[in-house]
Structures are given as C-alpha cells and as structure tokens.
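One-letter residues, chain by chain:
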Amino acid sequence: MNNVCIIWVKIYLAIFLLKEFFKLAQERKAITERIWELLASVKLAIVIFSLISLTAVIGTVLEQRAEPARNILILTRLFGETAAPTVYKIVERLGFTDMYHSWWFTGLLVLFSTNIVICSLDRLPRIWRLIREPIKPIKAEHIETAGIRREVLLKGKPEKLKGAVTGAIKAIGFNYGESKEDKGYQFYCQRGNYTRLGVYITHLSIILILIGVLVGISFGFKGYINLPEGRSYPAVFLQSVPLTPQEEQDRDSILNTLEAFWGNIFRASEQLGIKEEALKEKLKRYGVEPLGFSVRCDDFDVEFYDNSQMPKRYTSWLSVIEDGKEVLKKAIGVNDPLRYKGITFYQSSYGMIPGASGWFILKVTSNTGATEIKRLNFGGSFTIPGTDIEGVIKDFSPALSFDKQGRAITFSEMMINPAVFIEFREGGKQKYSGWIMKRNLLTGRTPEGHEVQFIDLWGVQYTGLQVRRDPGVWIVYLASVTMSLGLLIAFFMNHRKLWVRVVEEKGNTRVYIGAVANKNRAAFERKIDKMIILLRKAEGEDR
Amino acid sequence: MNSSVFFGISTMAYIIAMIIYITYLAFRNRNIGIIATTVTVIGFLSQTMAILMRWKEFYEISGMGILRSVPLTNLYESMIFFVWCLILGYLVIEFRYKNRSFGAFVTPVAGLALAFINISGMSKEIQPLIPALQSNWLLAHVTMSFISYAAFALSFSTGLMYLILKADKKTQATYIFWTFTLGIFITLLLAMAIDFLTFKVAVKPEVFIKSYLFKASFLNSSVTTRIVSWVLTAAIILIIWRFGTTLKTIIERFNISAETLDEITYKSIAIGFPIFTLGGLIFGAIWADQAWGTYWSWDPKETWSLITWFVYAFYLHGRLLRGWRGKGVAIVAVVGFTAVIFTYLGVNLLLSGLHAYGGIE
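The model shown is predicted, which means the values in this text are computed figures rather than measured ones.

Caption draft 1: Spotlight on the overall build of chain B. Within chain B, the secondary structure is distributed over eleven helices and zero strands. The secondary structure elements of chain B, listed N-terminal to C-terminal, are α-α-α-α-α-α-α-α-α-α-α. What you see for chain B is a C-alpha radius of gyration of 21 Å, in line with the 21 Å of a compact globule of 361 residues. Principal axes of the C-alpha set define a box for chain B whose edges measure 60 × 55 × 45 Å. Burial status across chain B gives 47% buried among its 361 residues. When contacts within chain B are restricted to residue pairs at least 6 apart in sequence, long-range pairs at least 24 apart make up 75% of them.

Structure representation (structure tokens):
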C-alpha cells in the first residue's frame, strides 16, 4: 500500500516536474524569441542610429584624447566658469573625452552589428524564397488587385494578336512564360528578383567593414618616426610609454643593435643573446615596433608657391635598407606614400632638429662656367673656381625677411625662406657681402657674373612619418565595393512582376495587364504604357 | 570676359526668374511659366560656363593636371557648385513632375546665395592647392558630396512643405515643429544680415564667424541688445506660429499633393544617400587612407558625415515602420539637413580637425 502510494507520488511528481519543465521551456522559448525579435527589429536599428549620432555629436564638441585644460576651456564657454570643472568630471567619467574607444561606444557598435546580422538572418530565408519562387499564372480576379492595372480592347482574335502581345512584352525587356486559358492565353514574367538582395548586400558590407577594422587592430600597427635627414631607423614608435631611465637605456641599446643589422631582428637577437620572440616582446613593452628592415631619410624639402608662404609640396627622399643593401628608393609626398613588405610610410609632418648644425650645400659657378658643389659648415669658406675670390658663411636665417628700414629679420623658426649671409674676400680684402636665398636664384649673382646657388641646409630638419601596417585594409576596400554595389541595387533597381491576360470578347480581344514593382512604380508604369502603345500600333498595322 | 561676368549673369537670371515664377503662381499662365523656366535655364547655363571657365583659369595657374584643378577647393567655390546642383535638381523635378511651383522658392535661394557669396567678401582668388588636397580623389569626393548635399537640400524643402500641409491644428506637435524650425532659420539669417549691416565688413567667412557673427545681436556686449534679440526671436517664432496657416494656404495653391511631396522627399534622399555614402564617406575614407594612412580617424568632419549618414539611414528605415511613416520621417528629413549644414559649414568654421583646411591655420 505504502509502496503504491510512493509510486503514485513519484509518478505525480515526475508529471508535475515534466509539466513545469515544459512550461518553463515554453516560456524560455518565448523569451528568447522576444529577444530575437527585438534584435532583428527596425525599431532597434533606429534607436541605435539615434544613440550613435547623439553621442558622436558630443564627441565632436569635446576634443578627443586632449589635455584636460583644453576641454575645460570648451566647457567653460558652454556652461560658465563655475560649472565647467564639475561638468568635465562627469563627461570624463562617462568616457566622453576618449569616447570612440570607450566600452559603451564599442558596445553600441557591437549592438549595431548584432542588429544587422540578426535582422538579415531573420529576413533572408523569406526573401530567398521570394527570389527563387518562379512566377506562375494568376487568377483573373487577382490581376484586379495588382498595383498597376491596364485594360485594352483590340480588334481581332486572341490567336492573331498573340504575337503582338508577346512582342510588346519582349520589347520592354521581359522573358515570359505562357499558359492556355479557356478563352485565350496568359503570359507571366518577372525581372530583377535578385535585386531584393541589395539591402542585405549593403548590410553585410557594414559587417565586413567592421571585420576589416578588427583585423587591422589585431594584426596591424600604427606608429610614427621623426627621421632626421641622413639618419636611418629600424623601428617605429607606437605610443609613448613611461619608462625608467634604465629601461630607456635598454631600449636604446636594443635599437642600436637592431640598427647595426639594418633591422634584421634575428641577427640582432643572436647578437644580444636572447630569443627573437623575447626581443620582440621586450620592444612591444617599450612601445616600439621593429620594421624588419631600416628606413633612411636621404633628404627632406618643402617647396612653396611663388612669393608666398603656402606650401606646394613636401618631399622626403627615403631609402629602404636590408642587410646593408639599398633595396628601394622613393621620393614620397602627401598623397604618395612608400610601401614595402606590407608597411606603408606616409608624409605627415616635419620640423627642425634642436641643436643640429647641418651642412650648407652650395653650387658655385664661375663666370667662365666652371661648376663645383661645396659642402660647408657654419663659418666654412670656399673659393669660386678659377678665381681668388673666397666666400665665408657668416650667418644663416631659416625665414629671412626685411623690415621697413631694410634690416634683415627672421620671421619664423621653420625653413620658410632659408638664406645664408656670405662675405666675399679677395686677397684678404673684403669685396662684397649679402644674403643668398634658396628660393631666389637672383640673390646669388655677384657683380662679376659668378653664381652662388644655395641648394640646401642639409641635416637640420627631420621628416615626420606616419607608419602603418594594416592587413585589414583590403577587407575594408572590398567591403566598400560591395557596399556601393549593394546601394546601387537597393536604390536604383527593382523587382518587377507582370501578368498579361489575352481574352476573347465578342470576336475581339481584351488584354488585361496587371503588374507590381517593389520600388519605383512610376518607372514601371511608364514601361507598361509603352507596351500599350506598341499593342495599338500592332493592331493598326494589322488592319 | 572672365568667369565673374557669367556668375553675375546667372545671379541676375535667378533673381529675375524668381519674379517671373511668382507672377506665374499668381496668374497660372502657361507662357509665363515657360519664360520663367527659360530664364532659369539661361542662368544655369551661364553658371555652368562660369564654373568651366574658372576651372580653366585654375588649370592654367596651378600647372597641375586638369583633374586636380577642379574649382571646388574653398568655401566660395563649393557654395557656387552647391547652388548649381540645387538648380539642376530643381530643373529635373520641374520636368519630371511637370510642376513649376517650386521655382518660386528655389530660384530666390539660388539668386540670394550667389549674391550673398558675392558681397560677403568671401575670397574669390584662385588659391593654389596645399599638398593634402593634391589628389585625383578631390574631384570625385567633392563633386559627389555636393551633389548629395543638394539632393538633401531639396528633400529638406519638400519635407518642410509636407509638414506644413499635413499640420492642421496649431497645438499639434508637427505644426509647432515646422514653425519653430522655420522661425530659427529666419532668425539666424536675419541676425547675420544685421551683422553685415552693422559692421559693414568684407572679410573671409572664417574671420567673420570668429569675430563678427551674432555680435550685433545674441553676442552683443550690451545686455539689453542680447535680451532684445532673444525676445525678438521668440516674437518671430510666435508670428510664424500665428500666421503659419496662411503659408499652408499658399502651398495648397501649388497644385501639389502632400503625397507627391513625400515622394519627392524620398526620391531626393534615395538619390542623395547612395551618392553621399560612395562619394562622401567611401571616397573620403580611401583618400584619407592614401594621404594620412588612416581611413577613419574620428576627426570632426568624418564624425559629422557619419552622423548625417545615420540620420538619413534613420529616415530610410523609419519609412518601414508604421508609426514613423509620413510626418515622422518628414521631421527626420528636415533634421537631416541641419546635420548636412553642420557637416558642410559648421565643422570647418567651428570645430577643428584634419579637414579644417578652410579654417584659420
């Protein structure tokens, strides 16, 4: 008895648990389904669009990754002096001072891509069926419900007019199917069913772009070097990492060894007696990325538009050196970078090397035509070939100008109008002297017709290079192409369906046309009207 | 003859066309309509001529390739091109929809914009290109961006007209939205006109904005002027709110249905959006990649074009939702164009960034 009871209780319990489990499972399903629906919804897309836009607005008002003082200044202008520090604290805590790298903005982008993926997964099967579904003849009353409807009465029997109708259908670019009806025929056709994919191609290329970005972040690097004229370097700096003097020394000695082997990491690690991987790891910690080769700046130059301070061209003459050999030479400029082994060097800035003296390069031509190139230090001297005239470099100005009294002034630290002051002597006696400007050849002409051309002050400037390796960029480019294609299809092409019934009516023929287009109905309507004109013309010719 | 003569002709033509279009609206005479269109077309052709001549002048001066000498490198040239696109877009609509009513609105905008560009002392000199702009991408990127801006401008005006037609009660949110938006636009234009009249300065627009903009009104040193400006702003908005229904009656006389306006709004955006995506965002990114080594760096210009892109993506997706169809998305179209204006002018003039070559160095 007791046993039976226990069995019953057990069975009852089991049924109860099973029931509860199913109920729970059902509810679960409902919850997951609801989440799925939410993630696939257009509403969520709109919410994400708004959130990204609104937060991005704040991100453009505040300066990103800037000194706090700069943003406090901006906030002072907006909120007044008393509120600014508090507001700054709030926006900083919320990550707005570096918002494009904040966790919540990344989260928004993740949500955005989830939305795109789930929405596509949700809709694609249905759309795919719609695309693959062959068009079938429809019932007479269904033609009446089509978006575009036309009716024409033509003289003659359907059998006679069939050719005219199919000709008109072909003329507007359709391949048709045909079926027999009891009093005539029906023709049915569709075009551009695959254009329904345009939206999804666009959506998926956004995902592809994000994948490209991720690949770039994970497997690439972005760094910079300020390369002085004449120097070469085997590595680039990724970011400034605070280092102890000891670490700094260690870094520099590694870089020196690396440079001695022209960037060859394997040979440098052998020399240093550590493993190649360990060496790379160490450099990474110091915020340095080895290139695997060396890059040298042979020269840097800024050209200006005539008589102005507007730069025309920045040029860096770069050489790539591997195992002591120059393997590549290129003059790069803005919009014209150097690429080698997947690493790209962009012209991005330039400047003066503090404390550098450099070499003055002069081209001296005597009035008889004898030419010599001179490399001189500050204070150095030279003779004009074939004469006893000696020139001495007495002064230099990177940006020479003259004030109202005619006195020489230097108006900038940058090499905007470089000039040397040269004193000429003959037989120990001063002959004449003057400023010779790099940008003005006439200033280098002496009374006797000798010419001293100031070619360059070499070795005092550095070129600032942005250096990048981005294996993901090709994915981004590919995605750009597919996105353009997707947009083109989505906005400028459509899916059109057409049904034409040719029915006998009292010895004549009535043609019923029904058509639908998922977009740009007006254009399709014009095509249909063209078809009717063709039919009427055929009818006229027949008679 | 140089390009400025032709610019003068087109300015005059647009202003005359405006008068004829208004006459046409009053009398509905077909011949008057044809004359209005002819004058607009003359203005358009003359402007085309002027742009081509300036292109040639630039080409001869710069000594760079023909593709790199596009006259689209400063605010003056870009605004002229914008007006050109706007008129082109209008003419297309006139032919497609066989409706001349918009002419009375578009030609004054074009004529006044050209006149404003002329008197504002915007630098008309042909300036050589700085190294960053010396690229073949310049032509594709800038022309496509401005074609899309013009398409968005059209969608803004038809969107606003749609809202005006659709709002019946003065307490309706739609009605308040459009009167407020129009009020703000008119107030800002008036405030700028007052600035011009008060200071009588002809300086570069960047300098004007930095040192004179709204200094005669909202940013005046005297507190009274500032208060008066705000009160007047409120008054203008109130007046538009009070007499907004009159504007509605005028637009109703255009013989253009709200549905057609909605369609034109959509079509303009459907044309503008892909062109903006390809020419503005994608070509811009590729160019940035070639020049600076990053295809996306979140600089304000890039970010604002992305914001614009998202707003119009909002419009396109909003049309799929029941609650947003009609008035909802029309509001988005109107808001979208303010984002366009900010991308075009606001970023260069107010925010800093890599793109701010138009600003002060």
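Caption draft 2: Local environment of the sheet that holds strand E11 (residues 359-365) of chain A. Residues and elements named next belong to chain A. Spatial ordering of the open sheet is given by E12-E11-E19, a layout of three strands whose pairing is antiparallel. Two strands lie at the open edges of the sheet, namely strand E12 (371-376) and strand E19 (451-458), each paired on one side alone. Within the sheet, the average angular offset between the axes of one strand and its neighbour, ignoring direction, is 20°. Summarising the sheet, E11 and E12 pair through six bridges and their orientation is antiparallel. Bridge pairing in E12 places Ile361 opposite Arg375.

Caption draft 3: Broad picture of the interface of chain A and chain B. Between chain A and chain B, the contact holds 37 residues from the first and 32 residues from the second. Secondary structure elements with two or more residues in the side of chain A that touches chain B: helix H2 (42-61), strand E7 (311-322), strand E10 (343-352), strand E20 (461-469) and helix H12 (473-492) of chain A. In terms of residue count, the dominant contributor to the side of chain A that touches chain B is H2 of chain A (twelve residues). Residues of the side of chain A that touches chain B, tallied by class, amount to 21 nonpolar, twelve polar and four charged.

Caption draft 4: Here's a closer look at helix H8 (residues 198-219) of chain A. Residue and element names in this part refer to chain A. For H8, spanning 22 residues, the distance from its first C-alpha to its last is 31 Å, which sits close to the expected 32 Å at 1.5 Å a residue. Regarding H8, the residues found buried are Gly198, Ile201, Thr202, His203, Ser205, Ile209, Gly212 and Gly216. Buried residues along H8 sit in contact with helix H5 (103-132) and H12.

Caption draft 5: The arrangement of the packing of helix H5 (residues 137-166) of chain B against helix H9 (residues 258-292) of chain B in detail. Residue and element names in this part refer to chain B. Packing of H5 against H9 leaves a shortest axis separation of 7 Å and a crossing angle of 155°. Relative to H9, H5 is oriented roughly antiparallel. In this structure, H5 meets H9 at a crossing whose hand is left-handed. Across the contact of H5 with H9, the residue classes break down as 21 nonpolar, twelve polar and two charged.

Caption draft 6: Just the confidence of the model for chain B, in detail. All names here are of chain B. On average, chain B scores 84 in pLDDT, and the residues at 70 or more come to 91%. Between residues 353-361, whose pLDDT stays under 50, and residues either more than four places distant or in other chains, the model counts 23 contacts. Model confidence for the complex is summarised by a pTM of 0.86, with the ipTM given as 0.85.

Caption draft 7: Structural context of the packing of H5 of chain A against H8 of chain A. All names here are of chain A. One way to put it is that H5 packs onto H8 with a least axis distance of 10 Å and a crossing angle of 145°. Taken as a pair, H5 and H8 cross one another with a handedness that is left-handed. Contacts from Leu109, Ser113, Ile116, Val117, Ser120 and Leu124 of H5 reach H8 at Tyr200, His203, Leu204, Ile206, Ile207 and Leu210. Its residues assigned to classes, the contact of H5 with H8 comprises nine nonpolar, three polar and no charged.

Caption draft 8: View of the nonpolar core. Core analysis: the largest hydrophobic core is formed by 146 residues, its most contacted members being Val83, Leu86, Ala150, Phe310 and Phe314 of chain B. Among the elements that take part in this core, H5 of chain B stands out by supplying 19 residues, more than any other. In this structure, Val83 of chain B is in contact with Ala110, Ala113 and Leu114 of chain B, ignoring residues within four places of it in sequence. By size, the runner-up hydrophobic cluster in this structure holds 24 residues, among which are Val165, Ala168, Cys189 and Val502 of chain A.

Caption draft 9: Geometry of the domain arrangement of chain A. Residue and element names in this part refer to chain A. Along its sequence, chain A is organised into domain 1 (140-192 + 494-542), domain 2 (217-354 + 463-469) and domain 3 (359-460). The C-alpha centroid of domain 3 is placed 34 Å from the C-alpha centroid of domain 2. Residue contributions to the side of domain 2 that touches domain 3 peak at three residues, all from strand E6 (residues 288-304). Looking at side-chain class alone, the side of domain 2 that touches domain 3 contains four nonpolar, two polar and two charged residues.

Caption draft 10: The sheet that holds strand E18 (residues 429-437) of chain A, seen in detail. All names here are of chain A. Reading across the sheet, the four strands line up as E13-E14-E17-E18 and stay open at both edges, with antiparallel pairing between neighbours. Across the chains shown, the open sheet's two edge strands, defined by having one partner strand only, are strand E13 (381-383) and E18. Adjacent strand axes in the sheet meet at a mean angle of 25°, parallel and antiparallel pairs treated alike. Relative to E18, strand E17 (residues 419-426) runs antiparallel, the two sharing eight bridges. When the bridges of E18 are listed, Ile422 appears paired with Gly434.

Caption draft 11: Molecular detail of the environment of Ser53 of chain A. Position of Ser53 of chain A among the secondary structure elements: in helix H2. When the 21 C-beta atoms within 10 Å are taken as the criterion, Ser53 of chain A is described as buried. Apart from residues lying up to four places away in sequence, Ser53 of chain A is in contact with Ile307, Phe310 and Val311 of chain B.

Caption draft 12: The pairing of strand E2 (residues 177-181) of chain A, seen in detail. Both E2 of chain A and strand E3 (residues 184-191) of chain A contribute to a ladder of five bridges, which runs antiparallel. The residue bridging Lys180 of chain A from the neighbouring strand is Tyr185 of chain A, located in E3 of chain A.

Thresholds applied
Residues numbered from 1 in each chain as written. Chains lettered and ligands numbered in written order. Predicted model: local features only at pLDDT ≥ 70, side-chain atom pairs only at ≥ 80, totals over all residues. Helix = DSSP H or I, 4+ residues; strand = E, 2+ residues; numbered from the N terminus. Rg over C-alpha atoms; globule rule 2.2 N^0.38 Å. Buried ≥ 20, exposed ≤ 12 C-beta atoms within 10 Å, placed from the backbone. Contact = placed C-beta atoms within 7 Å. Pairing = 2+ DSSP bridges. Axes fitted to C-alpha atoms, helices over the stretch in contact; angles between N-to-C directions. Nonpolar A, V, L, I, M, F, W, Y, C, P; charged D, E, K, R; others polar. Expected span 1.5 Å × (residues − 1). Parallel < 35°, antiparallel > 145°, perpendicular 65-115°, else oblique. Left-handed = near helix turned anticlockwise from the far one by under 90°. pLDDT = per-residue confidence, 0-100. Core = buried A, V, L, I, M, F, W, Y, C linked by C-beta atoms within 7 Å. Domains from an automatic or database assignment.

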